[in-house]
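Observations on the three-dimensional arrangement
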Amino acid sequence: MDDDKRDDAWTQGPEVERGSRDEDRRRAEEAAAGDPEQLRELRRLREQHMLDRWIDGVLVEQRRTRRWKLFFRFVFAALIAASLAMTTYAVFFAGRDMTGTAGPHLGVVEVQGVIDAQGEASAERIIEGLRDAWKAPSSRGVVLHINSPGGSPVQSQRVYDEVRRLAAQGDKPVVAVIEDIGASGAYYMASAADDIYASPASLVGSIGVIYSGFGLQEAIDKVGVERRVFTSGDNKAFLDPFSPIRDEQRAFWQTVLDTTHRQFIDDVKAGRGDRLDDDPRLFSGLIWTGEQALGLGLVDGLSSLDALSRERFGGVPRRDYTPALDPLSRLSRQLGRVAAEWTGMAHHASPVRYQVQ
């Protein structure tokens, strides 16, 4: 067979070129021009041929659609199976690093990211890890490993109180190690530990309180939008960004921030004692490097977690006591947080923050 010819699926033989088919059809119609019956039969056969081709195209499209449906169902089932496998692994196997912890070890609890009741660095999760690390008979010490800009005052205070309670028992040391940043609410937690260590380039401090918002009342007036807020109580909506704030409300809100700041200062002083330098800038909200913080008494030494484990605890292995997070919950929280930040709708339980900006 010539290489230029293809098989025709309809005739099971060499495919006839389109021009030849059209020419043959034209000649057949001319030959039948004098016979109406033959002409009608030719036209009927042509219509039947076109109908057959149309039906064949519909069937091909239906088969293609069915294949894609099966493909997407398979992908969906594979994702569900993978999610279940990841969840099972996280719950039963991947929660904590168990390597080399049959004997003496160093119990580590991670404080990562913004401190928030709904986040990874929630008081409930951190406190659970601290208690487990403290109760472990073979743990030589408990390390609060911090890499956080701060966050919720209430969550920070809860962890501070628990660290103070454990440290007061004196059975084993509770140490805070600051990685990249231990600021504001994260430093609040660290100040309860027996000792604080940071790398020379770590960011430490920011002992202050912040509330941020917008005043958009003039913006909605310009676009012709009417704000409707119904309250019972003259000051119930005084933080509403679309309503003006009166001088007495501004002054009152400042007293709230000042009171929260005073609680922060008192607890840091109680935790650090006379190790703090007598510098009025300590509680102004400024943030320092680890090297500067050492001179101000905010930290007790310059070290990393690895170096501290070798130098103070004899190089014993570390065990991570941070409670595991469900991978699906972690993913949904991350996606929700990113979406909220991108849309400017980030939500926290408390508008007041111990957080560096």
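Before reading on, note that the structure itself is shown above.
Throughout what follows, the structure given in this document is the object of discussion. These numbers come from a predicted model, not from an experiment.

The rules we used
Residues numbered from 1 in each chain as written. Predicted model: local features only at pLDDT ≥ 70, side-chain atom pairs only at ≥ 80, totals over all residues. Heavy atoms only, no water. Helix = DSSP H or I, 4+ residues; strand = E, 2+ residues; numbered from the N terminus. Salt bridge = Lys/Arg side-chain N within 4 Å of Asp/Glu carboxyl O. Buried < 20%, exposed > 50% of the residue type's maximum accessible area, 1.4 Å probe, protein only. Phe/Tyr/Trp six-rings, centres within 6.5 Å; stacked < 30°, edge-to-face > 60°. Lys NZ or Arg CZ within 6 Å of the ring centre and 35° of its normal. Axes fitted to C-alpha atoms, helices over the stretch in contact; angles between N-to-C directions. Parallel < 35°, antiparallel > 145°, perpendicular 65-115°, else oblique. Contact = heavy atoms within 4.5 Å. Nonpolar A, V, L, I, M, F, W, Y, C, P; charged D, E, K, R; others polar.

1. What about the environment of Asp-279?
- Relative to the helices and strands, Asp-279 is located in the loop between α7 (247-272) and β9 (287-289).
- The spacing of Asp-279 and Gly-297 is 18 residues in sequence and 10.0 Å in space, taken between C-alpha atoms.

2. As for the pattern of salt bridges
- Applying the stated criterion to the full structure yields 11 salt bridges.
- One salt bridge connects Arg-318 with Asp-306, and the closest N-O pair in it is separated by 2.8 Å. Of the two residues, Arg-318 is situated in strand β11 (residues 318-320) and Asp-306 in helix α9 (residues 305-311); the sequence distance between them amounts to 12 residues.
- For Asp-306, a relative accessible area of 41% translates into the label partly exposed.
- One salt-bridge network, in which partners are shared between bridges, spans Asp-195, Arg-272, Arg-275, Asp-300 and Arg-312.

3. Considerations on the packing of aromatic side chains
- Tallied over the full model, the rule gives eight aromatic pairs.
- Pairing Phe-71 with Phe-72 gives two aromatic rings, centres 5.5 Å apart and planes at 65°, and the pair type is edge-to-face.
- Note on Phe-71: relative accessible area 43%, which makes it partly exposed.
- Given a relative accessible area of 52%, Phe-72 falls into the exposed group.
- Plain terms: the ring middles of Tyr-211 and Trp-253 are 5.4 Å apart, the flat faces sit at 80° to each other, and that makes the pair edge-to-face. Placement of Tyr-211 in the loop between β8 (203-205) and α6 (217-222) and of Trp-253 in helix α7 is noted, with a sequence separation of 42 residues between them.
- For Tyr-211, a relative accessible area of 27% translates into the label partly exposed.
- The class of Trp-253 is buried, set by a relative accessible area of 14%.
- Members of the aromatic cluster, joined through ring pairs, are Tyr-211, Phe-238, Phe-252 and Trp-253.
- Residue placement shows Lys-172 over the ring face of Trp-134; its charged tip is 5.8 Å from the ring centre.

4. Quick word on unusual backbone geometry
- Even without glycine at this site, Ser-184 takes up a positive phi of about 55°.
- Considering the arrangement of structural elements, one finds Ser-184 in the loop between β6 (174-183) and α5 (185-190).
- Unlike most non-glycine residues, Ser-206 shows phi in positive territory, near 55°.
- In this structure, Ser-206 sits in the loop between β8 and α6.

5. Re the packing of helix α3 (residues 123-135) against helix α4 (residues 153-169)
- Where α3 contacts α4, the two axes come as close as 9 Å, and the packing angle between them is 10°. With respect to each other, α3 and α4 are oriented roughly parallel. Along its contact with α3, which presents Ala-123, Glu-124, Ile-126, Ile-127, Leu-130, Arg-131 and Trp-134, the element α4 presents Gln-155, Arg-158, Val-159, Glu-162, Val-163, Arg-165, Leu-166 and Gln-169.
- Tallied by class, the residues present in the contact of α3 with α4 amount to eight nonpolar, two polar and five charged.

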